Amino acid sequence: MPPLYGLVLSGGESQRMGQDKAGLLYTGRPQLARAFDLLAAHVDRCFVSLRQEQKDDPLRIVFPGIIDTLTSVGPAAGLLAAHALYPKVAWVVLACDLPLLEAGTLDTLIAARHERYAAIAFQSEHDGLPEPLCTIWEPAALEMLQNQRTTPGKISLRKILTSHDTCLLPAAQFNALENVNTPEERASVLEKIAQQNKDTA
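Predicted model only: the values in this text are computed from it and were never measured.

### Details of the side chain of His83
Part 1 of the reasoning: Along the chain, His83 falls in helix H2 (residues 76-85).
Part 2 of the reasoning: Judged by relative accessible area, His83 falls into the buried class, the value being 4%.
Part 3 of the reasoning: A polar contact of 2.8 Å, which involves the side chain of His83, links it to the side chain of Glu143.
Part 4 of the reasoning: The residues touching His83, leaving out its near neighbours within four places in the chain, are Trp91, Pro139, Leu142 and Glu143.

### Some thoughts on the pairing of strand S7 (residues 119-123)
Part 1 of the reasoning: With four of its five residues buried, S7 lies for the most part within the structure.
Part 2 of the reasoning: Bridge count for S7 against strand S8 (residues 130-137) is four bridges, and the pairing is antiparallel. Counted as the bridge partner of Ala121 is Thr135 from S8.
Part 3 of the reasoning: Taking the residues between adjacent antiparallel strands as the criterion, S7 and S8 are bridged by six residues, where Gly128 takes a positive phi near 80 degrees.
Part 4 of the reasoning: Taken together, the four bridges between S7 and strand S9 (residues 166-169) define a ladder with parallel strand orientation. From the neighbouring strand, Ala121 faces S9, where its bridge partner is Leu168.

### What about the pattern of salt bridges?
Part 1 of the reasoning: The final tally for this structure, using the stated rule, is 10 salt bridges.
Part 2 of the reasoning: The salt bridge involving Asp97 is made with Lys21; its shortest N-O contact spans 2.8 Å. With Asp97 in the loop between strand S6 (90-95) and helix H3 (103-111) and Lys21 in the loop between strand S1 (4-9) and strand S2 (25-26), this residue pair connects regions lying 76 residues apart in the sequence. The residues Asp97 and Lys21 share a single accessibility class, namely buried.
Part 3 of the reasoning: Here Lys55 and Asp56 are joined by a salt bridge, their closest N and O atoms 3.3 Å apart.
Part 4 of the reasoning: By relative accessible area, Lys55 is classed as partly exposed at 37%.
Part 5 of the reasoning: Among the ionic contacts, a cluster of salt bridges with common partners joins Asp20, Asp57 and Arg60.

### Quick notes on the sheet that holds S8
Part 1 of the reasoning: With mixed pairing, seven strands are arranged side by side in an open sheet as S5-S4-S1-S6-S8-S7-S9. The sheet is open, and its two edges are formed by strand S5 (65-67) and S9, each paired on a single side. Strand-to-strand twist of the sheet, defined as the mean angle between neighbouring strand axes without regard to direction, takes the value 30 degrees.
Part 2 of the reasoning: The pairing of S1 with S6 spans six bridges and is classified as parallel. When the sheet's bridge partners are listed, Leu4 is paired in S6 with Ala90.

### Things to note about the UniProt feature "binding site: GTP" (unreviewed entry) in the protein chain
Part 1 of the reasoning: Residues annotated by UniProt as "binding site: GTP" (unreviewed entry) correspond here to Leu9, Ser10, Gly11, Lys21, Asp68 and Asp97.
Part 2 of the reasoning: Mapped onto the secondary structure, Gly11 falls in the loop between S1 and S2.
Part 3 of the reasoning: Every residue in contact with Asp97, bar those within four places of it in the chain, is listed here: Lys21, Gln31, Glu178, Asn179, Val180 and Asn181.

### Focus: the packing of aromatic side chains
Part 1 of the reasoning: Taken as a whole and assessed by the stated rule, the structure comprises seven aromatic pairs.
Part 2 of the reasoning: Relative to Phe47, the ring of Tyr5 has its centre 6.2 Å away and its plane inclined at 40 degrees; by these criteria the two rings are tilted. Here Tyr5 is found in strand S1, whereas its partner Phe47 is found in strand S4 (residues 45-50), with 42 residues between them in sequence. No difference in accessibility class separates Tyr5 from Phe47, as the two residues are buried.
Part 3 of the reasoning: By the ring-pair criterion, three or more aromatic residues cluster together here, those being Tyr5, Phe47, Tyr86 and Trp91.
Part 4 of the reasoning: The aromatic ring of Tyr26 is capped on one face by Arg186, whose charged end is 5.1 Å from the ring centroid.

Conventions used here
Residues numbered from 1 in each chain as written. Predicted model: local features only at pLDDT ≥ 70, side-chain atom pairs only at ≥ 80, totals over all residues. Heavy atoms only, no water. Helix = DSSP H or I, 4+ residues; strand = E, 2+ residues; numbered from the N terminus. Buried < 20%, exposed > 50% of the residue type's maximum accessible area, 1.4 Å probe, protein only. Polar contact = N/O pair within 3.5 Å; in protein donor to acceptor, adjacent residues only side chain to side chain. Contact = heavy atoms within 4.5 Å. Pairing = 2+ DSSP bridges. Salt bridge = Lys/Arg side-chain N within 4 Å of Asp/Glu carboxyl O. Axes fitted to C-alpha atoms, helices over the stretch in contact; angles between N-to-C directions. UniProt positions renumbered as here; feature names shortened; annotations may be inferred. Phe/Tyr/Trp six-rings, centres within 6.5 Å; stacked < 30°, edge-to-face > 60°. Lys NZ or Arg CZ within 6 Å of the ring centre and 35° of its normal.

See below:
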């Protein structure tokens, strides 16, 4: 099996949130730092994906970074930049806006890795489709993504995951992959974290 690297996607513009999602605090820490530490414990090497204009950002500069080389293609930009630098490794790709994600979810994802799969993904709780932003992308799947770039239209991560050799796991428990894009969604997640802390106190 190829080596397994980690990539935390932090290059989004956070337009719906109105502020940088990577810097939002959960349990006293910026979400980017929490996501990086969580992922780094599961992989051989870990990186943060970022845009060129973010390379000197104080929040991101402390982490090994991979700068996007494409624009207007969404999270695929980070994946393609990482694959270009390290084409022979597999990547665990993680969105930086998953504050309910815990180590057990990543354990489950990595335990399902097998040479017959081009990717490993969880099923979405909402529509049953693969969740592309907490996923293992093997080199074969990334080659498919690279090839998709040469065809007209928007690059679709889900298109790769639904049309090739993907291991689709049952939806992660406890809303682990609930992403936070708006202030309202953040308020809801903060309530859930407070309730979890109360339940375990």
